[in-house]
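Observations on the three-dimensional arrangement
Here is what each chain is made of, one letter per residue.
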Amino acid sequence: MATDCKGRGPGTPAQRAVGKEGECVKPFTPEKAKEIIMSLQQPAIFCNMVFDWPAQHWTAEHLSRVLQGKQIRFRMGLRSTDTVPQFETACSYVDATLEEFLTWNCDQSSVSGPFKDYDHSKFWAYADYKYFVNLFEDKTNVFQEVMWSDFGFPGRNGQESTLWIGSLGAHTPCHLDSYGCNLVFQVQGRKRWHLFPPEDMPFLYPTRIPYEESSVFSKINVVNPDLERFPQFQKARRHTVTLSPGQVLFVPRHWWHYVESIDPVTVSINSWIELLGRHQLAVNDPRRRSANCKVLPGVAKPAERPAEDLNTPGPGGRVREGGQEEDHLARVEEAITRMLVCALKTAEDPHHPRAWLNPTEVEETSHEVNCCYLNDAVCAFFDRCGKAKEVETQALRANGEKWRKEEPSVQEHMEVEQAHSQSFTVRTGKQEVASQFGPDLVPVTPASEDRPSEKGGILGSDSKGCIDRDKEHSAELSYARRQQASIGASAASEQVTSRCPVAPSPTFVSTDDLLDCLVNPQVTRMVAQLLIQGKSLRF
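As the structure is a prediction and not an experimental result, all values here were calculated from the model.

So, how was this worked out
Residues numbered from 1 in each chain as written. Predicted model: local features only at pLDDT ≥ 70, side-chain atom pairs only at ≥ 80, totals over all residues. Heavy atoms only, no water. Helix = DSSP H or I, 4+ residues; strand = E, 2+ residues; numbered from the N terminus. Contact = heavy atoms within 4.5 Å. Areas by Shrake-Rupley, 256 points an atom, 1.4 Å probe, with all protein chains shown as cover. Patch = residues over 30% accessible without salt bridge, like charges linked within 9 Å, V, L, I, M, F, W, Y side chains within 5 Å. Salt bridge = Lys/Arg side-chain N within 4 Å of Asp/Glu carboxyl O. Expected span 1.5 Å × (residues − 1). Buried < 20%, exposed > 50% of the residue type's maximum accessible area, 1.4 Å probe, protein only. Arc of directions from axis to C-beta. Core = buried A, V, L, I, M, F, W, Y, C linked by side-chain atoms within 4.5 Å. Phe/Tyr/Trp six-rings, centres within 6.5 Å; stacked < 30°, edge-to-face > 60°. Lys NZ or Arg CZ within 6 Å of the ring centre and 35° of its normal. Pairing = 2+ DSSP bridges. Axes fitted to C-alpha atoms, helices over the stretch in contact; angles between N-to-C directions. Polar contact = N/O pair within 3.5 Å; in protein donor to acceptor, adjacent residues only side chain to side chain. pLDDT = per-residue confidence, 0-100. Parallel < 35°, antiparallel > 145°, perpendicular 65-115°, else oblique. Nonpolar A, V, L, I, M, F, W, Y, C, P; charged D, E, K, R; others polar.

Focus on the overall build of the chain
Tallying secondary structure elements over the chain gives 11 helices and 22 strands in all. Contacts in the chain between residues at least 24 apart in sequence constitute 80% of all its contacts with a sequence separation of at least 6. Accessible surface, the chain: about 23500 Å² in total, of which carbon and sulfur atoms supply 52%.

Side note on a nonpolar patch on the surface
Side chains of V509, L514 and L518 sit close together on the surface and give an oily, nonpolar patch of about 240 Å² of accessible area. Residue placement: L514 occurs in helix 10 (residues 511-518).

Some details on helix 11 (residues 521-536)
Here helix 11 is 16 residues long and its end C-alpha atoms lie 22 Å apart, about the 22 Å a rise of 1.5 Å per residue gives. Considered for burial, the residues of helix 11 that qualify are P521, T524, R525, A528, Q529, I532 and S536. Projection of helix 11 onto a plane perpendicular to its axis shows the buried side chains occupying an angular sector of 140 degrees, all on one side. Of the exposed residues in helix 11, the ones pointing more than 90 degrees away from its buried face are M526 and L530.

A look at the nonpolar core
Nonpolar side chains in soluble globular proteins generally cluster together in the buried interior. Among the nonpolar cores identified, the biggest contains 61 residues, and F46, W58, F74, F136, F151, L163 and I269 are the most heavily contacted of them. Here the element with the most residues in this core is strand 6 (residues 123-131); it accounts for 7 residues. Beyond its immediate chain neighbours, meaning those up to four positions away, L163 contacts W58, L63, A127, D128, Y129, K130, F132, L135, F136, V267, S268 and I269.

As for the packing of aromatic side chains
Using the criterion set out here, one finds 23 aromatic pairs in the structure. One aromatic cluster is present, built from ring pairs that chain together F28, F46, W53, W148, F151 and F185. Residue placement shows K26 over the ring face of F51; its charged tip is 5.6 Å from the ring centre. For R338, the ring lying beneath its charged end belongs to Y373, and the centroid distance is 4.9 Å.

A word on the environment of D376
Structurally, the position occupied by D376 is in helix 6 (residues 367-398). Judged by relative accessible area, which is 29%, D376 ranks as partly exposed. Along the chain, D376 and A335 lie 41 residues apart, while their C-alpha atoms are 9.0 Å from each other.

A look at the sheet that holds strand 11 (residues 206-212)
The strand order 11-12-8-15-10-13 describes an open sheet built from 6 strands, whose pairing is antiparallel. The sheet is open, and its two borders are formed by strand 11 and strand 13 (239-243), each paired with just one other strand. Ignoring strand direction, the axes of neighbouring strands in this sheet form an average angle of 35 degrees. Both strand 8 (residues 171-177) and strand 12 (residues 215-218) contribute to a ladder of 3 bridges, which runs antiparallel. Bridging across to strand 12, H175 finds its partner in F217.

Examining unusual backbone geometry
A cis amide bond links I209 with the next residue in sequence, P210, at an omega value of 5 degrees. Tracing the chain through its elements places P210 in strand 11. For S214, which is not glycine, the phi torsion reads 75 degrees and is therefore positive. For S214, the location among the structural elements is in the loop between strand 11 and strand 12. Non-glycine residue H254 carries a positive phi angle of around 70 degrees. Inspection of the secondary structure assignment puts H254 in the loop between strand 14 (248-251) and strand 15 (256-261). Classification of H254 by relative accessible area gives buried; the value is 15%.

Quick look at the environment of Y205
Within the element layout of this structure, Y205 appears in the loop between strand 10 (191-196) and strand 11. As a C-alpha pair, Y205 and I220 span 15 residues in sequence and 7.1 Å in three-dimensional space. Those residues in contact with Y205 that sit more than four places away from it in its chain are F217, S218, K219, I220, F230, P231, Q232 and F233. Here the side chain of Y205 touches Q232 through a polar contact of 3.0 Å, landing on its backbone nitrogen.

Details of the confidence of the model for the chain
When pLDDT is low, close inspection of the predicted coordinates is not appropriate. Counting all residues, the mean pLDDT for the chain is 77, and 65% of those residues have values of 70 or more. Low pLDDT (under 50) marks residues 420-429, which in the prediction has 16 contacts with non-local residues, meaning those over four places away or in another chain.

Some thoughts on the pairing of strand 15
Most of strand 15 sits out of view: 6 of its 6 residues are buried. Covered by surrounding structure in strand 15 are W256, Y258 and E260 together with H257, V259 and S261, the residues of both alternating faces. By the bridge criterion, 6 bridges tie strand 10 to strand 15 in an arrangement that is antiparallel. Counterpart to H194 in the pairing with strand 15 is Y258.

Notes on the packing of helix 5 (residues 328-348) against helix 10
Where helix 5 meets helix 10, the closest approach of the two axes is 11 Å, and the angle between their N-to-C directions is 170 degrees. The pairing of helix 5 with helix 10 is recorded here as roughly antiparallel in orientation. Where helix 5 approaches helix 10, its residues L340, V341, L344, K345 and E348 are matched on the opposing element by T511, D512, L514, L515 and L518. Grouping the amino acids of the contact of helix 5 with helix 10 by side-chain chemistry returns 6 nonpolar, 1 polar and 3 charged.

Observations concerning the pattern of salt bridges
On inspection of all chains with the given rule, the structure shows 19 salt bridges. Among the salt bridges present, the one from E137 reaches K70, with a minimum N-O distance of 3.6 Å. With a gap of 67 residues between them, E137 in the loop between helix 4 (132-135) and strand 7 (162-167) and K70 in the loop between helix 2 (60-67) and strand 4 (72-78) connect regions that are remote in the sequence. Classification of K70 as partly exposed rests on a relative accessible area of 28%. Here D95 and R73 are joined by a salt bridge, their closest N and O atoms 2.9 Å apart. With a gap of 22 residues between them, D95 in strand 5 (residues 92-96) and R73 in strand 4 connect regions that are remote in the sequence. Take D95: its relative accessible area is 35%, and that puts it in the partly exposed class.

Below is the structure:
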């Protein structure tokens, strides 16, 4: 059920199981839901798990009343078609209230205020990455209206969540998250997800420009690809699904995703979940991607949660929950990437960091700060090794078993970590997980060979059940960079070319070309392993 321009009507709920007493029953217990999340190696949709969440009523109109005129930042992008991804560095930004957004979204020709320069027929608006701890800082009672405890994370709520509000066409460029996995609750309107498995990385032409910690972008506009420039993309296995109100999408670790709003107003809530060693999970620190929440040496800290909830130091002085994380090696890789990108791009053009630094990043950091960042990441990795050995020893002693005096070396531990990080290619427990699939847990399967705009098979909710195939065609939602950004990029290219001793040619190597090789995820993984191996020899 589509929503109107004001964001009314969250959609028709799906059929729910009814218990003996007539109450609605959730299909999975928290323990079972968590077990499924730990075992799944492909995206899947949970249904009938959030029907009692107070947040299910969080339409944009409702949130406008809750926020009472609070200004939030909207990313403004063009609806025009192009084969170039519309990265966040190519967008404009507007500070406005939700009420002003909803007025503009109704396409009122006489609209004034912050959106007056943006023709609604040509632009979309997206309030993305809005962390509850910042957005509702004086209304913390609303945190309890999001209950991730139903998925096996006791005590987790809106405090570890992010809010997304967008208009028709608003989207996130195709990327993967370096850390953990993702749970996404669709509250209002529908979003089309295009997902690709981790092993398809070579076909997605990864890049770290624009730079954002923990995000690897694709050079491809996956809804309108330039196959002449990126021919290998034809080999990528696209998985498409339309997420409807009341559904929760699970996105496994390292799955690429491009997300677009296909209704006049969409509202989503998500939580990033970090993967721990020994098949444990912890909710990711909610400050991971906030534009105002990076906590690095020399950068002021935002308002923090209670210290007891932030007990593990992370790279760059940041603090994260939990301890034994599979993502520790990934943090070393991110630190290496940050150091190389900042060094080369700052040397190329020290006065215009915003041309290559994503708006979600607070600032470009100095080489000294980045060295601290890398050292903290390496120390955290070795600390993880030590804690893992302590846990193993205690477990063996508790079981009364004989344990070896020869503890695993750091090299052996790193090989175990690497095996964990590559586990997405091995369908562990496949039969057990597959047996759970049904109307309440639906796998996201590969799309047909048709173009994305021609696809009809998308998941939805209706009165007959949670999942149905939506045969409507979505709007043409492929987009262009803003002309202003294109001009800026051209000017920067000319500036670099003028310093180059030879004229540009098809063989001309730019700084970005070099970085695409140096900080390719496969390369940084090798460098991180060599670095850890070298340091482990001193222990």
